Amino acid sequence: MNAGTVSTEYILRMEDVVKTFGGFTALHQTSLTIPGRMVFGLLGPNGAGKTTLLRLVTGLISPTAGKLTLFGGLEPGASAARAMIGYMPQSLAIYPNLSVVENMLFFGRMYGMGEGALKTRIDEVLETIELSGRRDDILANLSGGMVRRALLGTTLVHKPKLLLLDEPTAGVDPVLRIKIWETLRKLCDEGTSILITTHHISEADRCDRVVFLRSGVIIGDGTPDDLTRQYQADDLEKAFVVATKEGVAT
Amino acid sequence: MRSVWVAVRVIREISRDRRTLAFFFLAPLVVMTLVYYAIKDDQIVNIGVVTRGAARFFEMDFISTLEMDKDVRMISMPIPDEETDPQTLDRLIRQELATGGADGVLYMGEKMITDRFDGREGTLHLYVEGSKPIITSAVFGAIADAMDELAASLPVVIDSSCSSLCAESVNNKPMVLEKHYSYGSDDYRMVDFFLPVLPAFFVFFFTFILSTITFQRERLRGTLERLLVAPVGFYQVIAGYVMGFFTFASLQSIIVVAFILKLIQFDFTWSQTLAFSVVVLLTMLVALNLGLLASFLAHNEFQALQFIPLVILPQIFLADIIWDINGFPMFFRIIAWVLPLTHANAAARDIMIRNNPLSNSWMELLILAGFIVVIFTVMTLVAQKKDKSI
């Protein structure tokens, strides 16, 4: 499959995937299929296995057992798959001594974008992240919120089909958090699939589909409304608490 | 009391970092051991004696007197006894010095002793390799002492200010001392010996620090991980780093080399300067790869900093920068052999002091290139293990 053609069947499929580090099992036998064009949330406390799952998708780590495929059949880590993924880690993984636009140019070039297309795309992304007016500012001179938006910009610059966001709103103020979610929703509407980890219930509520993770085990899977109903709770937060207590894998 | 709790916390935290503890307690012991071997003895020198004519009768006197000096090791010269042609003898003696068999050779020709007994000055020939001022001066010192010792029984007064023994000599007119340098001259200064190795040392030192810290930051910040998620090969990232650092390190090399050449005020040829630059650039590439390896081995910036003295200090003592490694026990000489600067310095001195072409240092260049390949391979293996397992 070429980069740029995405299977409409599914964006990610995990079949009995296990990941262990030494004697520690970070992810127990996990099966999951995520269709494209949706915001998919991984909700769980710290150490639940959210980041491990995300890193498996990036190909940075390999499953100890089981099978994981992307975009209808590509192995994670395959060049074609990597070209279609945009990965935003928890840390501010961006170059503080470069300007916003220099960072975006760098990451765009890493994805092999042509100079003309890249410059046009940067203008679009800058509009999206609302940093057009600060495009030439060195990151070290920007506020924390702006740097996080620039980080998102560098993740979007090569028009990824699948966006992997590891707690993108950690440490972000409520106004910026709303803005980031508006951006994500817009991207999803335009056809980007988004896999996002969070431990904020309010954010999980904004997802199209949510998986509850606890100690490396999926204990809930469905739309926020489905999960709320399934656990006979008033809201998603209470549903998560009930699911956590029951520890039932769906 | 709160200070005590701070202290308890500090002690607890450091005591759980085994690498820091080992560094903290073992590093001073290692450095002190190196200092001990570096300064414990005077320089030991290998001296040969060649006599012709009447001097042959006194050869054993010269040898046994020189042997009384604990810093002198006498060597037998591989020169046939029947060889008397001064030019051939000169060539053979220089050959022995060039191979490193002898540090200095005392040559007393056909007429030297008879001239002395006849009340004439006579000429004593002293051959030295000359590229190492410490050795040269040790050879001169040992021979002057030996002559002084012999002066009462033999007419071998080396200078007018010798001890009271000279007064008893049958000829207390000082001999003509003709010094033959394979390299350098009487004007050759200690600084001329040290300066050629300094560019390689500084380039190595600063490149190592820069690459260790910068790459450590790339890893900790998470940008390396992002690059590895992108369709970029690990080798492409490393190659990019090498090229990026190369720009700065090359610029630094040029500045340092130009500054040193100006400081020495020697007229080096362009080919000499170019050859010297090749050695410095190879050294820089070794340091660059070693810095990247250190950054992968370190878990944090503090541990990365610990690699700096660990890599640099042994090279200051063992890489022939100041002290001659031959004075150290075999164990340290083996360590010296696996230090990149040992080979870089050997090549730098061969080019700058002995004025030999770059090809003469092919072995050193090959070893430096070998270091680059080995360190790069180890670094990629360590890097892949580190960044794929957590």
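Residues numbered from 1 in each chain as written. Chains lettered and ligands numbered in written order. Predicted model: local features only at pLDDT ≥ 70, side-chain atom pairs only at ≥ 80, totals over all residues. Heavy atoms only, no water.

## Side note on the pairing of strand β3 (residues 39-43) of chain A
Residues and elements named next belong to chain A.
- The buried count for β3 comes to five of five residues, which makes it a mostly enclosed element.
- Sheet topology note: the β3/strand β7 (residues 193-198) ladder contains five bridges and is parallel. Counterpart to Leu43 in the pairing with β7 is Thr198.
- Sheet analysis places β3 next to strand β8 (residues 209-214), joined by four bridges and oriented parallel. Looking across to β8, one finds that Phe40 is bridged to Arg209. (Buried < 20%, exposed > 50% of the residue type's maximum accessible area, 1.4 Å probe, protein only. Helix = DSSP H or I, 4+ residues; strand = E, 2+ residues; numbered from the N terminus. Pairing = 2+ DSSP bridges.)

## Focus on the packing of helix α3 (residues 100-110) of chain A against helix α5 (residues 144-156) of chain A
Residue and element names in this part refer to chain A.
- Direction vectors running N to C along α3 and α5 enclose 25°, while the axes themselves pass 8 Å from each other. Compared by their axis directions, α3 and α5 come out roughly parallel. α5 is crossed by α3, and the crossing has right-handed handedness. Facing Val100, Asn103, Met104 and Phe107 of α3, the residues of α5 in contact are Ala150, Gly153 and Thr154.
- A per-class count over the contact of α3 with α5 returns four nonpolar, three polar and no charged. (Axes fitted to C-alpha atoms, helices over the stretch in contact; angles between N-to-C directions. Parallel < 35°, antiparallel > 145°, perpendicular 65-115°, else oblique. Left-handed = near helix turned anticlockwise from the far one by under 90°. Contact = heavy atoms within 4.5 Å. Nonpolar A, V, L, I, M, F, W, Y, C, P; charged D, E, K, R; others polar.)

## Regarding the pattern of salt bridges
Residues and elements named next belong to chain B.
- In this structure the tally under the stated criterion is 17 salt bridges over all chains.
- Residue Arg94 pairs with Asp90 through a salt bridge whose shortest N-O separation is 3.0 Å. Here the residue Arg94 and the residue Asp90 both occupy positions in helix α4 (residues 86-98), the gap between them amounting to four residues, near one helical turn.
- Linking Glu129 and Arg354 is a salt bridge whose minimum nitrogen-to-oxygen distance equals 3.1 Å. Taken together, the positions of Glu129 in the loop between β4 (123-128) and α6 (133-150) and Arg354 in the loop between α14 (340-352) and α15 (362-389) put the pair 225 residues apart, joining distant regions of the chain.
- One connected set of salt bridges, linked through shared partners, spans Glu129, Asp350 and Arg354. (Salt bridge = Lys/Arg side-chain N within 4 Å of Asp/Glu carboxyl O.)

## Some details on the interface of chain B and chain A
- The partner chain A presents 25 residues to the 16 residues of chain B that form the contact.
- Carbon and sulfur atoms make up 54% of the surface buried where chain B meets chain A, a total of about 1900 Å² over both sides.
- Taken together, the connections running from chain B to chain A amount to one salt bridge.
- Measuring nitrogen to oxygen at the nearest pair gives 2.1 Å for the salt bridge that ties Arg55 of chain A to Glu225 of chain B.
- Joining chain B to chain A, the criterion identifies 11 residue pairs in polar contact (both at pLDDT 80 or more).
- For the side of chain B that touches chain A, the secondary-structure elements that each account for two or more residues are α8 (198-221), α9 (223-229) and α15 of chain B.
- Among the elements that line the side of chain B that touches chain A, the one with the most residues is α9 of chain B, at six residues.
- Class assignment for the residues of the side of chain B that touches chain A results in seven nonpolar, three polar and six charged. (Buried area = accessible area lost by both parts, 1.4 Å probe. Polar contact = N/O pair within 3.5 Å; in protein donor to acceptor, adjacent residues only side chain to side chain.)

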